[in-house]
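# Structural overview
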Amino acid sequence: MLPEENPYSPGSGRRPPQLVGRGAELQAFETLARRVEHGMGDRGIVLTGLRGVGKTVLLNEMHARAEAAGWLTVRLEARRDERGATTVRRALARELVVAARKLTRTTLTGRLRDALGTISSFNAKIGATSIELGIGVNAGRADSGDVEVDLLELVEDVASALGEKRRAFCVFVDEMQDLDAETMGALIAAQHVANQRDWPFYVVAAGLPDLPRVLTETRSYAERLFNYRPLGKLARADAADALREPAERLGAEYEPEALERLLDATGGYPYFIQEFGQTAWNLAAGRVITDADALAAVQFGTEQLDAGFFRSRWERATRSERRLLLAMAADGDASSATIDVARRMSLLPSSLGPYRAALIGKGLVYAPEHGRIAYTVPGMSAYVDRNRDDLDAAGDLAR
């Protein structure tokens, strides 16, 4: 079939042609939006899961719905580096101004004009003054230099003004586990006060499975502030719909055996569904995707994943860190006890700490609980097993 007609779209955060199996999460956001319309409060939302389960897609979908409802929204992606705090706060300031400029095109109430002045004050203190609102600063508000104090005053002024119009102020944060501790603490504290005072301010975030633990370690009360929504692989029926329905809309279909083979290969993970679906479509000679097409798609698609999705992550690790990733592969996709990993590496458990911390910092592993680590991407152990000889020949597995 023609590649230019291919309905499947693998990519980071790209919306699939068929968004299935996430109705409960979208309903949670719709409930939040309706409560805002009725002048009622609710909790923020936190989406968690491994790489490739569609967290960013859902976050983007929720952001689009908030925009359509007329909310003031800010979209951020956290990063873990030495300039992370400065970069994120300036991005927050920049996004605030871009969003607030839309409000300046409407009739401004006195309270909303003051809120825009508070945004100007916040931005001026951070040093993000390249985009102007055309409204003077609200001196004495959000300009103390203490990010927690300033963000709280910003949230109070902006959310209270928007609440008069039954709208909300919402910060969407992707990869929130990588947010610097000070900014994370400020956002949690602002959500806490907003919940108590019924200000329509919400944090909607996405991150790895250990994000709830990171949040509660930052502020102990965070466990009660959010509607936590863990995302896993799709149910088999939903995964089948995600493969079958985009093809059927274009007059194509799968042989039953072909569909079952692809479902087995994807494991129900949304990113893999798009990857294998795209490959099967491109390999099929006619409008029926046969079992032979599916068999070839699994082989070729796996090679594609190995060369890109998995290899790019492997190459981010140092040679010593790769030894740790290799030692974890004995447990498959399940989590590994750090004491077992250390034994396999012929190390003392105390010596494993620096490698573990570095891999967590690079987003390659996470700590599901004390004394355990797990891959952040499904199928990483199978990648290591498939490519063990090549990795060893390249010296990647050398001690």
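These lines cover the structure that appears in this document, whether it is placed above or below. Quick caveat: nothing in here was measured; it's all calculated off a predicted structure.

### Quick word on the layout of surface pockets
Size it by volume and the largest pocket reaches roughly 790 Å³. Ser-12, Gly-13, Arg-51, Gly-52 and Thr-56 are the residues nearest the centre of the largest pocket, which is lined by 40 residues in total. For the lining of the largest pocket, the secondary structure elements donating two or more residues are α2 (55-68), β2 (72-77), α10 (270-283) and α11 (291-314). The residue inventory of the lining of the largest pocket, partitioned by class, reads 15 nonpolar, eleven polar and 14 charged. In this structure, the second largest pocket occupies an estimated 220 Å³ of space. Around the second largest pocket, the lining is made up of 15 residues, and of these Ala-265, Phe-272, Phe-310, Gly-379 and Arg-386 lie nearest the centre.

### Quick word on unusual backbone geometry
Positive phi, normally seen in glycine, also occurs at Arg-166, with a value near 60°. Examined against the element boundaries, Arg-166 turns out to sit in the loop between α5 (147-163) and β3 (169-174). Phi at Glu-175 takes a positive value of approximately 55°, unusual for a residue other than glycine. Mapped onto the elements of the fold, Glu-175 is located in the loop between β3 and α6 (181-197).

### A few points about the sheet that holds strand β1 (residues 44-48)
The five strands are arranged β2-β3-β4-β1-β5 in an open sheet whose pairing can be described as parallel. Two strands close off the open sheet at either side, each with one partner strand: β2 and β5 (226-230). Here the strands of the sheet are splayed against their neighbours by 10° on average, with no regard to which way each runs. Those strands touched by helix α1 (residues 23-37) are β1, β3, β4 (201-207) and β5, and its axis lies near 165° from that of β5.

### A word on the side chain of Thr-338
Among the secondary structure elements, Thr-338 is positioned in helix α13 (residues 338-344). A residue is classified by how much of its surface remains accessible, and Thr-338, at 18% relative accessible area, is buried. Setting aside residues up to four positions removed in sequence, Thr-338 forms contacts with Leu-352, Arg-356, Gly-371, Arg-372 and Ile-373.

### Concerning the packing of helix α9 (residues 256-266) against α11
Across the interface, α9 lies against α11 with an axial gap of 7 Å and an inter-helix angle of 15°. As summarised for this structure, α9 and α11 are arranged roughly parallel, according to the angle between their axes. The handedness of the crossing between α9 and α11 comes out as right-handed. Side by side, α9 and α11 meet where Glu-257, Ala-258, Arg-261, Leu-262 and Ala-265 of the first sit next to Asp-291, Ala-294, Leu-295, Ala-297 and Val-298 of the second. Split by residue class, the contact of α9 with α11 holds seven nonpolar, no polar and three charged.

### Regarding the pattern of salt bridges
Overall, the coordinates contain 28 salt bridges when judged by the stated rule. A salt bridge links Arg-141 to Glu-153, with the nearest nitrogen and oxygen atoms 3.8 Å apart. Placement of Arg-141 in the loop between α4 (110-126) and α5 and of Glu-153 in helix α5 is noted, with a sequence separation of twelve residues between them. Classification of Arg-141 by relative accessible area gives partly exposed; the value is 22%. Where salt bridges share partners, they join Arg-15, Glu-30, Glu-61 and Arg-65 into one cluster.

Quick notes on the rules
Residues numbered from 1 in each chain as written. Predicted model: local features only at pLDDT ≥ 70, side-chain atom pairs only at ≥ 80, totals over all residues. Heavy atoms only, no water. 1 Å grid on protein atoms, 1.4 Å probe; cavity = no way out; pocket = protein on both sides within 12 Å on 5 of 7 lines; lining within 4 Å. Points joined across faces, edges and corners; volume = space filled by probe spheres on them. Helix = DSSP H or I, 4+ residues; strand = E, 2+ residues; numbered from the N terminus. Nonpolar A, V, L, I, M, F, W, Y, C, P; charged D, E, K, R; others polar. Pairing = 2+ DSSP bridges. Axes fitted to C-alpha atoms, helices over the stretch in contact; angles between N-to-C directions. Contact = heavy atoms within 4.5 Å. Buried < 20%, exposed > 50% of the residue type's maximum accessible area, 1.4 Å probe, protein only. Parallel < 35°, antiparallel > 145°, perpendicular 65-115°, else oblique. Left-handed = near helix turned anticlockwise from the far one by under 90°. Salt bridge = Lys/Arg side-chain N within 4 Å of Asp/Glu carboxyl O.

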